[in-house]
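Structure assessment
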Amino acid sequence: MNYISHLLVITCLSASAAAFAAGDTSYSADPRPSADPVMSSVQAAFGRKDWSGAQTELQKALLASPQNADYHNLYAYSIRKGANPNMDLVFKHYGEALRINPKHRGAHEYVGEAYLMVNDLPKAKQHLATLDKLCFMPCEEHSDLKKAIAAYEAKRKP
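Residues numbered from 1 in each chain as written. Predicted model: local features only at pLDDT ≥ 70, side-chain atom pairs only at ≥ 80, totals over all residues. Heavy atoms only, no water.

**A short note on the packing of helix α6 (residues 105–117) against helix α8 (residues 140–156)**
Packing of α6 against α8 leaves a shortest axis separation of 9 Å and a crossing angle of 10 degrees. As judged from the angle between their axes, α6 and α8 are roughly parallel. Within the contact between the two elements, α6 uses R105, G106, H108, E109, G112, E113 and L116 and α8 uses E141, D144, L145, A148, I149 and Y152. Classifying every residue of the contact of α6 with α8 gives five nonpolar, three polar and five charged. (Axes fitted to C-alpha atoms, helices over the stretch in contact; angles between N-to-C directions. Helix = DSSP H or I, 4+ residues; strand = E, 2+ residues; numbered from the N terminus. Parallel < 35°, antiparallel > 145°, perpendicular 65-115°, else oblique. Contact = heavy atoms within 4.5 Å. Nonpolar A, V, L, I, M, F, W, Y, C, P; charged D, E, K, R; others polar.)

**Quick notes on the packing of aromatic side chains**
Per the stated rule, a full pass over the model turns up five aromatic pairs. On the basis of an interplanar angle of 55 degrees and a centroid distance of 5.1 Å, the ring pair of F46 and Y77 is categorised as tilted. Taken together, the positions of F46 in helix α2 (residues 37–47) and Y77 in helix α4 (residues 69–81) put the pair 31 residues apart, joining distant regions of the chain. You'll find F46 and Y77 in the same group, each marked buried. In textbook terms, an aromatic cluster arises when at least three aromatic residues are bridged by ring pairs, as seen for F46, W51, Y77 and Y110. (Phe/Tyr/Trp six-rings, centres within 6.5 Å; stacked < 30°, edge-to-face > 60°. Buried < 20%, exposed > 50% of the residue type's maximum accessible area, 1.4 Å probe, protein only.)

**Side note on unusual backbone geometry**
A positive phi angle, near 60 degrees, is found at K49, a position not held by glycine. By the secondary structure assignment, K49 is in the loop between α2 and α3 (51–64). Unusually for a residue other than glycine, N84 sits at a positive phi of about 50 degrees. When you line up the elements, N84 lands in the loop between α4 and α5 (87–100).

**Some remarks on the confidence of the model for the chain**
Confidence along the chain averages 84 in pLDDT terms, with 78% of residues attaining 70 or more. Taken as a whole, residues 1–31 scores under 50 in pLDDT and shows 26 contacts with residues more than four places along the chain or in a different chain. (pLDDT = per-residue confidence, 0-100.)

**Examining the state of the cysteines**
With the rule as written, the count across this model stands at one disulfide. Sulfur-sulfur distance for the disulfide between C135 and C139 comes to 1.9 Å. When the S-S torsion is 50 degrees, as for the bridge of C135 with C139, the disulfide is right-handed. Exposure class is identical for C135 and C139. Each is buried. (Disulfide = S-S within 2.5 Å.)

**A short note on α3**
Here α3 spans 20 Å end to end across 14 residues, near enough to the 20 Å set by a 1.5 Å rise per residue. Among the residues of α3, those classed as buried are W51, A54, Q55, L58, A61 and L62. The buried residues of α3 occupy an angular sector of 130 degrees when projected down its axis, which confines them to one face. Across from the buried face of α3, at angles greater than 90 degrees, the exposed residues are K60, L63 and A64. Residues of α3 that are buried in the fold lie against α2, α4 and α5. (Expected span 1.5 Å × (residues − 1). Arc of directions from axis to C-beta.)

**Here's the deal with the pattern of salt bridges**
Counting across every chain of the model gives five salt bridges. A salt bridge links R48 to D50, with the nearest nitrogen and oxygen atoms 3.5 Å apart. Overall, R48 belongs to the exposed group, its relative accessible area being 56%. The partner of E113 in a salt bridge is R80, with the nearest N and O atoms 3.0 Å apart. Linking E113 in helix α6 with R80 in helix α4, this pair joins segments that are 33 residues apart in sequence. In terms of burial, E113 and R80 fall into one category: buried. (Salt bridge = Lys/Arg side-chain N within 4 Å of Asp/Glu carboxyl O.)

Written as structure tokens, this is what we have:
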């Protein structure tokens, strides 16, 4: 490796360590089992597309841990993915996740997708812009929301 490559590796490792030390709890769809039993259970329910089961698990978890941004984010996600989603409740819980952790990349991605569901492209783009600032390196949440916005815009073109 040359000097520039070494410097790049050191910079990336330093940024990762800083994010870890800062307590970045952004949710990602990591297939590895979570140390949190609620998250493990919810991930399994998501895998089965058992949105109602995930909602029940997350409702209980939120009673015990109302300040957990991941739980609010995934509760909103499970409602949004389920049959006949209550979008007011969806936005309430994404909002709560972002109040608790304004840098929660997963919540920014998912609320952006929710805004597309209610045909609010400008708000979806606001969350994409926020992700653009939060993601030092390319991140999955930014890429996924960008693709969702592009697909939405392609469907809207005459």
